[in-house]
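Coordinates in review
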Amino acid sequence: GLTSSKSARVFKPAKAKGGCELDTSKTALVLIEYQNEFTTEGGKLHGAVAESMKETGMLEKSAKVVAAARAKGITVIHAPIMFKEDASDSSACVENRRRCLGILAGCAKDRLFTQGTWNADFHESMKPLKGDIVVNGKRGLDGFPGTDLESHLVKKKIETVVLSGFLTNCCVESTMRTAYEKGFNTITLTDCCATTSAEGHRGATEGTFGMFSSPMTGEEFLKKINA
């Protein structure tokens, strides 16, 4: 049946947090899909994103940001995507994959991010540590619908959501838009993301990111939390 949970605001308009002062105790760094399927040679999608990753140096920069965030007491949240082997749990595929739509159709067809496999595991440098949170239930692009991300944010009294990961113009952008609509102060780390083309990356980081977040580099974010 239909649900209105995706559109429900966390903060009422009068109390929305967009543009608020960054308080590290009320900030969450949400790391989207730093999984071997993307990050590592041998992953089925690594070849598609390797050039974008190299151009920005996003993996090394992301690891640096995560370490600094933990040191500052920022909540670190990992948001992996994964599916059953037959992809019957994909949010865009129904009737045992007879009908699929969009990018998730490719995930189903090529059996990507299969749970319990090396491909779906986290990159060695981005594995969750004690105290980190791992989101459950991400079967689609946006990090909110069908997952426990929002409940973790609310429980931790988070006001600012900082986003990085894969793909710049897909899962990162989808999650950014929803975080913005829900009233969170939303930050995107432009050089801690990667996608399948330079054009797609620029279109998001130089276009839509500025409409729904405060875009900045990883280094600019580190200066902000160390100020």
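Structural notes, computed from the coordinates. (Residues numbered from 1 in each chain as written. Predicted model: local features only at pLDDT ≥ 70, side-chain atom pairs only at ≥ 80, totals over all residues. Heavy atoms only, no water.)

**Regarding the overall build of the protein chain**
- Looking only at helices and strands, the protein chain features eight helices and eight strands.
- Long-range contacts, defined as pairs at least 24 residues apart, comprise 78% of the intrachain contacts of the protein chain with a sequence gap of at least 6.
- Total accessible area on the protein chain stands at roughly 11000 Å², and carbon and sulfur atoms take up 51% of it. (Helix = DSSP H or I, 4+ residues; strand = E, 2+ residues; numbered from the N terminus. Contact = heavy atoms within 4.5 Å. Areas by Shrake-Rupley, 256 points an atom, 1.4 Å probe, with all protein chains shown as cover.)

**A short note on the side chain of threonine 188**
- Relative to the helices and strands, threonine 188 is located in strand 7 (residues 185-194).
- Engagement of the side chain of threonine 188 in a polar contact is seen with the side chain of serine 213, the distance being 2.7 Å. (Polar contact = N/O pair within 3.5 Å; in protein donor to acceptor, adjacent residues only side chain to side chain.)

**Considering helix 2 (residues 46-56)**
- The complete set of buried residues in helix 2 reads His46, Val49, Ser52, Met53 and Thr56. Projection of helix 2 onto a plane perpendicular to its axis shows the buried side chains occupying an angular sector of 135 degrees, all on one side. Opposite its buried face, helix 2 presents the exposed residues Gly47, Glu51, Lys54 and Glu55, each directed more than 90 degrees away.
- Buried positions along helix 2 lie against helix 1 (36-39), helix 3 (58-71), strand 6 (160-166), strand 7 and helix 7 (198-212).
- Positive backbone phi, at 65 degrees, marks glycine 57, one or two positions downstream of helix 2. (Buried < 20%, exposed > 50% of the residue type's maximum accessible area, 1.4 Å probe, protein only. Arc of directions from axis to C-beta.)

**Thoughts on the side chain of serine 213**
- Within the secondary structure, serine 213 sits in the loop between helix 7 and strand 8 (214-216).
- Side-chain polar atoms of serine 213 contact the backbone oxygen of phenylalanine 209, separated by 2.6 Å.
- Other than its neighbours up to four places away in sequence, serine 213 contacts Met176, Thr186, Ile187 and Thr188.

**A closer look at the environment of glutamate 181**
- For glutamate 181, the location among the structural elements is in helix 6 (residues 168-181).
- Spatially, the C-alpha atom of glutamate 181 lies 9.3 Å from that of alanine 16, the residues being 165 residues apart in sequence.

**Observations concerning the sheet that holds strand 7**
- Here we have six strands laid out as an open sheet, ordered 5-2-1-6-7-8, and parallel in their pairing. Looking at which strands have only one partner, the edges of the open sheet turn out to be strand 5 (133-134) and strand 8.
- Relative to strand 5, strand 2 (residues 75-79) is paired through two bridges, and the arrangement is parallel. Following the sheet pairing, isoleucine 77 is matched in strand 5 by isoleucine 133.
- Across the sheet, helix 8 (residues 218-226) lies against strand 6, strand 7 and strand 8, angled at about 110 degrees from strand 8, the strand it touches most. (Pairing = 2+ DSSP bridges. Axes fitted to C-alpha atoms, helices over the stretch in contact; angles between N-to-C directions.)

**Brief notes about the nonpolar core**
- Ranked by size, the top nonpolar core spans 55 residues in total, and within it Leu29, Leu153, Phe166, Leu189 and Phe221 carry the most contacts.
- Counting residues per element, this core draws most heavily on helix 3, which supplies six residues. (Core = buried A, V, L, I, M, F, W, Y, C linked by side-chain atoms within 4.5 Å.)

**Side note on unusual backbone geometry**
- Look at the link from phenylalanine 166 to leucine 167: it is a cis peptide, with omega at -25 degrees.
- Tracing the backbone shows leucine 167 in the loop between strand 6 and helix 6.
- Positive phi values are uncommon outside glycine, yet phenylalanine 113 reaches one of about 55 degrees.
- Tracing the sequence through the fold places phenylalanine 113 in the loop between helix 4 (103-109) and strand 5.
- The exposure class assigned to phenylalanine 113 is buried, which follows from its relative accessible area of 2%.
- A positive phi is found at lysine 157, a non-glycine position, where the angle reads about 60 degrees.
- Considering the arrangement of structural elements, one finds lysine 157 in the loop between helix 5 (149-155) and strand 6.

Purely geometric numbers; function is a separate question.
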